[in-house]
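So the chains spell out like this:
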Amino acid sequence: MSEWFELHPQILERESRQLSSNSHYEELAQRRDVLFVSTGTIKVRANGQTQRYPVAIVYPKATPYALPWVYLIEAVLTEAELDNLASLTHHKVSKFLSSKAKYYYRRHQNEDGSLCVLEQDNLDQIGAEIFDANTVLKRVGKYLAGFTTNHFPPEGAEVELFSHYPNKAGVHVLLTDSFYMDNGKKGVFYLNYMYEVPKSASRKNLPNVYFGACLVNQTASGIQTDNSLTQLPFMPDGLKSREEIAHNQTRLNDLIKDEELIEGHWWHLTAEPDVFKNTQELIVALGHGDIDKGVAEVVKSFWPKLKAQEQSIFIGLRFLNRRGELDWVILLLKKISSNNHPLIIGEPNVTEVLGDYQVTAAYSEALTEEKHHLRNQGRIDRNIVKDRILTVIGCGALGSETADIMAKGGIGTVCLVDNQIMFAHNSIRHLASCRQANQRKVDAVATILREHNPYINILPIGKNILLEDIPEYFPENGIGISSIADDNTESYLNEQALLNKRTVFYVRALRGGKSARIFRVIPGQDACFHCLSIYRSEGHESFIDIPEDHELPTIRNECNNPIRPSSAADLKLISALAGKTLLDYLQSPNNQAVNHWVWASDSFSGINITSSTPSVLEARKLAPHPQCQYCQGLNPIKIILSQEALEYMQNLVLATPGVETGGVLIGNFDVKNNSVQILHASGPGPNSQRTASRFERDVEYCQNFVNQHATKQLLYLGEWHSHPHSNNSPSGTDIESLSSISEQKEYLTTRPVMIIFSRNGDYSCTVHPVNQPHYPVKPTVE
């Protein structure tokens, strides 16, 4: 493999010349072997004096597209050391020079002694941004001058103090919302290990990652555990709020003792802290520049831990960063000496005891709800989607990937619905892995979604939708997406969703994953699943028919669960389209001009794929079909009332105008024309209860009436009764009774009719659809 200086000899010549002739850099020597390297001193004149800083400069493999590595070292390298350095491979440089590094404990010096001298942000530039040796040396010189003048070159607002500590704790801390919501000045915090590990198991081979689970204030009177009910989701059970912490101190202390929780101590500083060389500098910072006050802070906070010679103590320092935001540096004090200092009676010898500890830095990052979703900013409005609910029906390859996209998009709640278990071979296309074999798919997917978005609410529902009522798994204030891709099952879902006013998106991979269909069904507004079958049979111009690819038949069918060919790449792309469609709808539900999408990557009738157009996404708007019995059934039904039945009911009412009467209605339902024909009405029956304020029909009599007409293919359609006054509007009891009938399977109707007569024979007619408001209808009398 060619080295950079073979590919760019002119740049090698320029860099070599500038290093040897720069007036601010006294080069001792340079070498070119495996690496091109240089050593010498950088001269800095500031405040009337000249300082010299020994450095080693290494040009990495990616030169000129990467900056040279500049190391601050104790002394200029010898000829032999320079030869050795030049002969090394790139990945061995850091180890070699870190042993010779001189640490100044300032920002921009990394743990191996190197400097980050320039901050680049060259996204979408035309060409690379390249800096020569003179530019780099000038920048380093200005930085080093700051050691004398305390005025450093302008730099970015980001604070990455962790990177500039030479000693690392080997710990990663995820700081949750609790760390950024408190206005206190000092206190304690609790870290909870990220991974659930049984007590009998070892954490040795797992990463040291902790949730910063809770921050607690400390006042003059001690630890402040208020009665706030604000949830602390990353704390153990029983300690999920500060109120629970206040009332469960024994459990808290037991978890700390068993190392299930780690207690640390924190302070708020008035300025961004420096990189601490030792614990004495830390003590001074805790005292805001006064070492005696710093000692007093240590005594009040964690002197008992020092007396007990604990091997490690976590310290948190909070400050306002250069953006004016709360920021943190998390330190771990590690005991590196076995000295057992005699503890002074009276005033503790804090400085001496802490001298046995080394300051190491833990990597910390914000895991707040806001920061976690920051990368979606500008494309997804978190304030909108976090309040939305999505029901994912079918958690196979398409459903699981779509659910993951929605979780990463910041959806607030996801209901996962699937009754199947995960098999190892599913993992070749599925979100879940073969390690999750034999788990319910909903549980496997839920685990991964929580790992990607800890702020999501997930409801795993391992049910078969063919055996459940839709309210059991599909919240009424959410939307759904189905990827089941089974005509019978989705036809049933379609019917149930329409009746229960649920908005559902459907997604299918077709032609071996080379095409896909996505469509939305808002009841009464969009073409439903059945509408599309009618449009397809008619050859409607707006419906894109996607033919099967007979070269890609079903691979096998396992107990009516067909396995169809398609690659993970196909399904991920289709899932991404589905997820994007859902997110767009959730953010702008009233700004959707289309409701049907077809993606294709190969040609078929109506779709033309070329080399310049490798795939297409077609969008359509399809309205409910006028012949769809399901969609038309959502419209108000027409009622035809026979003259004979009307006169029969009126005569019964007028015969006893001050006493309530009634019965049942019998006739036909015309699905095609969405109409009801009431042909007959029963009387109340001999055992009915009739008074001026109450009516109960004779159940046995009315049931026999229905049964007799059932032999003539006539159906029960509803109820009728009279009021002993001039009001023929349905009462609250009437409405409740008919709503109950619409929900009861025994009546065989989801839209019962109710006719009410006043005492003088005037009548009203209302229809009471299941799960919907009732509405009045003026019957046509024939």
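Residues numbered from 1 in each chain as written. Predicted model: local features only at pLDDT ≥ 70, side-chain atom pairs only at ≥ 80, totals over all residues. Heavy atoms only, no water.

(A) Spotlight on the overall build of the chain. Scanning the chain from N- to C-terminus turns up 22 helices and 32 strands. Radius of gyration (C-alpha) of the chain: 38 Å, far over the 28 Å computed for a compact globule of 782 residues. Reported as C-alpha extents along the three principal axes, the dimensions of the chain are approximately 120 × 75 × 50 Å. The burial tally for the chain puts 48% of its 782 residues in the buried class. Element-wise, carbon and sulfur atoms account for 48% of the exposed surface of the chain, whose accessible area totals about 38,700 Å². Here the chain holds 74 positive side-chain charges and 89 negative ones, and the gap between their average locations is 4 Å. (Helix = DSSP H or I, 4+ residues; strand = E, 2+ residues; numbered from the N terminus. Rg over C-alpha atoms; globule rule 2.2 N^0.38 Å. Buried < 20%, exposed > 50% of the residue type's maximum accessible area, 1.4 Å probe, protein only. Areas by Shrake-Rupley, 256 points an atom, 1.4 Å probe, with all protein chains shown as cover. Lys, Arg positive; Asp, Glu negative; His and termini not counted. Charge placed at Lys NZ, Arg CZ, Asp CG, Glu CD.)

(B) Structural context of the pairing of strand β13 (residues 389–393). Most of β13 sits out of view: 5 of its 5 residues are buried. Here β13 shows no split at all, with Ile389, Thr391 and Ile393 on one side and Leu390 and Val392 on the other all buried. In this structure, β13 lies alongside strand β14 (residues 413–417), joined through 5 bridges in parallel fashion. Bridge assignment links Thr391 to a residue of β14, and that residue is Cys415. Running through helix α14 (residues 397–408), the crossover from β13 to the neighbouring parallel element β14 is right-handed. Where β13 lies against strand β16 (residues 479–482), 4 bridges are found, and the strand directions are parallel. Among the inter-strand pairings, Leu390 is bridged to a residue of β16, identified as Ile479. (Pairing = 2+ DSSP bridges. Right-handed = clockwise from strand over helix to strand, strands pointing away.)

(C) Spatial organisation of the sheet that holds strand β3 (residues 49–59). One open sheet holds the 4 strands; their spatial order is β1-β2-β3-β4, and the pairing between them is antiparallel. The open sheet is flanked by β1 (25–32) and β4 (69–72), the only strands paired with a single partner. Sheet twist, expressed as the mean angle between neighbouring strand axes with direction ignored, is 25°. Judged from the 7 bridges that link them, β1 and strand β2 (residues 36–46) form a sheet pairing that is antiparallel. Among the inter-strand pairings, Arg32 is bridged to a residue of β2, identified as Phe36. The sheet strands contacting helix α2 (residues 9–21) are β1, β2 and β3, and the helix crosses β1 at an angle near 145°. Across the sheet, helix α5 (residues 133–149) touches β1, β2, β3 and β4, and the angle it forms with β2 is around 45°. (Axes fitted to C-alpha atoms, helices over the stretch in contact; angles between N-to-C directions. Contact = heavy atoms within 4.5 Å.)

(D) Spotlight on the sheet that holds strand β18 (residues 515–521). Within the open sheet, the 8 strands sit side by side as β15-β14-β13-β16-β17-β18-β21-β22. Their pairing is mixed. Unpaired on one side and paired on the other, β15 (457–461) and β22 (616–620) mark the two borders of the sheet. The sheet shows a mean angle of 15° between the axes of neighbouring strands, direction not considered. By the bridge criterion, 5 bridges tie β18 to strand β21 (residues 596–600) in an arrangement that is antiparallel. Bridge pairing in β21 places Phe519 opposite His596.

(E) Examining α5 more closely. With 17 residues, α5 should cover 24 Å at 1.5 Å per step; its first-to-last C-alpha distance of 24 Å lies within 8% of that length. If you follow the buried residues of α5, they end up packed against α2, β1, β2, β3 and β4. Asn150, located one to two residues past α5, shows a positive phi value of around 65°. (Expected span 1.5 Å × (residues − 1).)

(F) Quick look at the side chain of Ser178. Topologically, Ser178 is positioned in helix α6 (residues 178–181). Here Arg242 takes part through its side chain, which lies 3.4 Å from a polar atom of the side chain of Ser178. Beyond its immediate stretch of four places on either side in the chain, Ser178 contacts Ala213, Cys214, Leu215, Leu232 and Arg242. (Polar contact = N/O pair within 3.5 Å; in protein donor to acceptor, adjacent residues only side chain to side chain.)

(G) Representation of the pattern of salt bridges in the model. Overall, the coordinates contain 31 salt bridges when judged by the stated rule. Its salt-bridge partner being Glu297, residue Lys300 comes within 3.8 Å of it at the nearest N-O pair. Taken together, the positions of Lys300 and Glu297, both in helix α10 (residues 291–307) and 3 residues apart, correspond to about one turn of that helix. Under the relative-accessibility criterion, Lys300 is labelled exposed at 54%. Of the charged contacts, one joins Lys580 and Asp584 as a salt bridge, the two residues approaching to 2.8 Å between their closest N and O atoms. With Lys580 and Asp584 both in helix α18 (residues 568–587) and 4 residues apart, this pair spans about one turn of that helix. With relative accessibility at 31%, the residue Asp584 sits in the partly exposed group. (Salt bridge = Lys/Arg side-chain N within 4 Å of Asp/Glu carboxyl O.)

(H) Main features of the packing of helix α9 (residues 279–286) against α10. Between α9 and α10, whose axes approach to 6 Å, the crossing angle comes to 90°. Classified by the interaxial angle, the pair formed by α9 and α10 is roughly perpendicular. Together, Gln280, Ile283, Val284 and Leu286 of α9 and Ile291, Gly294, Val295, Glu297 and Val298 of α10 make up the contact between the two elements. Classifying every residue of the contact of α9 with α10 gives 6 nonpolar, 2 polar and 1 charged. (Parallel < 35°, antiparallel > 145°, perpendicular 65-115°, else oblique. Nonpolar A, V, L, I, M, F, W, Y, C, P; charged D, E, K, R; others polar.)

(I) Highlighting empty space enclosed by the protein. Inspection of the entire model under this criterion finds 4 cavities of 30 Å³ or more. Volume-wise, the largest cavity comes out at about 90 Å³. Taken together, 10 residues form the lining of the largest cavity, with His108, Cys116, Val117, Arg139 and Tyr143 sitting closest to its centre. When grouped by side-chain class, the residues that make up the lining of the largest cavity number 7 nonpolar, 1 polar and 2 charged. Considered as a void within the structure, the second largest cavity measures approximately 50 Å³ in volume. Contributing to the lining of the second largest cavity are Ile11, Arg14, Glu15, Tyr59, Thr63, Pro64, Ala66, Leu67, Pro68, Ile130 and Phe131. No other element matches the 3 residues that α2 contributes to the lining of the second largest cavity. Class assignment of the residues belonging to the lining of the second largest cavity gives a composition of 8 nonpolar, 1 polar and 2 charged. (1 Å grid on protein atoms, 1.4 Å probe; cavity = no way out; pocket = protein on both sides within 12 Å on 5 of 7 lines; lining within 4 Å. Points joined across faces, edges and corners; volume = space filled by probe spheres on them.)

(J) The packing of α2 against α5, seen in detail. At their nearest, the axes of α2 and α5 sit 8 Å apart, and the two run at 40° to each other. Relative to α5, α2 is oriented oblique. Residues Glu15, Gln18 and Leu19 of α2 form the contact with α5, whose own contacting residues are Ala133, Asn134 and Leu137. Across the contact of α2 with α5, the residue classes tally to 3 nonpolar, 2 polar and 1 charged.

In short, shape yes, function no, at least from these values alone.
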